[in-house]
Amino acid sequence: LRKPRKHLFFIGLGIFVFVGICVSVYALWYLFTSAEYQLNRGNFYSQYGDYHKAIEYYEKACSLDDENIFLFWKITECYNNLNDFEHYEAWLYRIVNSQYSQDKDVEKAYNRLILLYEEKKDYQTIDSLVKGCNNVNVMERYSPYLVAEPVFSHEAGFYKEIIPLKITCEEDEIVYYT
């Protein structure tokens, strides 16, 4: 009678150990494939100023959840804190071009891009950026940066007399000349 009980004990112990290993493997798998876990790890490193490590975790989270624009913003903040403006700009463009971005995200990204180009005094890029934008609020806010081609009242050429020249533009804009 004792031998069957001994076998039951070892079978029960084996099943218990097997279930414990399965639960542990699942927990580890979940941690490493969970966007939320990756985000929390990124937040931890970002909080302590290790932005390179935070970016690693945020990018892992993005690969697991590419619809979460909040993750894009976290990466953008890290690159800005690292003064890595090339990557900062690239991630802002990813926000602008993402199909999951809401209007407020697009506007915020455009605002930051335009501030970045304004610091560089790159008004031509601002002009093309605003002209390529389909967000009405951005277009209205940054319309003073738009550049229009001048239209002259006379054809270019040589004239024997002085003629008054009128400079206008096709759009309702202010004409600056020197």
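Up top is the structure.
A short tour of the structure in this document, coming up. In this text, all values refer to a predicted model and were calculated from it rather than measured experimentally.

Put simply, helix 2 (residues 35-47) and helix 3 (residues 51-64) touch, their axes get as near as 8 Å, and they point 165° apart. Of the possible angle classes, the one that applies to helix 2 and helix 3 is roughly antiparallel. Every pair of crossing elements has a handedness; the one defined by helix 2 and helix 3 is left-handed. Residues Ala35, Gln38, Leu39, Arg41, Gly42, Asn43, Tyr45 and Ser46 of helix 2 touch helix 3, and the partners they reach there are Tyr51, Lys53, Ala54, Tyr57, Tyr58, Lys60, Ala61 and Leu64.

Moving on: the packing of aromatic side chains. All chains considered together, the criterion is met by five aromatic pairs. Here Tyr45 and Tyr57 contribute two aromatic rings whose centre-to-centre distance is 5.6 Å and whose plane-to-plane angle is 5°, an arrangement assigned as stacked. Within this pair, whereas Tyr45 is found in helix 2, its partner Tyr57 is found in helix 3, the two being separated by 12 residues in sequence. Summarising the burial analysis for this pair, Tyr45 and Tyr57 share the class buried. Here the aromatic residues Phe44, Tyr45, Tyr48 and Tyr57 are joined through ring pairs into a cluster of three or more.

Our focus in this paragraph is the packing of helix 5 (residues 85-97) against helix 6 (residues 103-119). The interhelical angle for the contact between helix 5 and helix 6, taken along N-to-C directions, is 150°, at an axis separation of 9 Å. Here helix 5 lies roughly antiparallel to helix 6, going by the angle between them. The handedness of the crossing between helix 5 and helix 6 is left-handed. Between helix 5 and helix 6, the contacting residues are Phe85, Tyr88, Glu89, Leu92, Tyr93, Ile95 and Val96 on the first element and Asp105, Val106, Ala109, Tyr110, Arg112, Leu113, Leu116 and Tyr117 on the second. Classifying every residue of the contact of helix 5 with helix 6 by side-chain character gives 12 nonpolar, no polar and three charged.

Rules used throughout
- Residues numbered from 1 in each chain as written.
- Predicted model: local features only at pLDDT ≥ 70, side-chain atom pairs only at ≥ 80, totals over all residues.
- Heavy atoms only, no water.
- Axes fitted to C-alpha atoms, helices over the stretch in contact; angles between N-to-C directions.
- Helix = DSSP H or I, 4+ residues; strand = E, 2+ residues; numbered from the N terminus.
- Parallel < 35°, antiparallel > 145°, perpendicular 65-115°, else oblique.
- Left-handed = near helix turned anticlockwise from the far one by under 90°.
- Contact = heavy atoms within 4.5 Å.
- Phe/Tyr/Trp six-rings, centres within 6.5 Å; stacked < 30°, edge-to-face > 60°.
- Buried < 20%, exposed > 50% of the residue type's maximum accessible area, 1.4 Å probe, protein only.
- Nonpolar A, V, L, I, M, F, W, Y, C, P; charged D, E, K, R; others polar.

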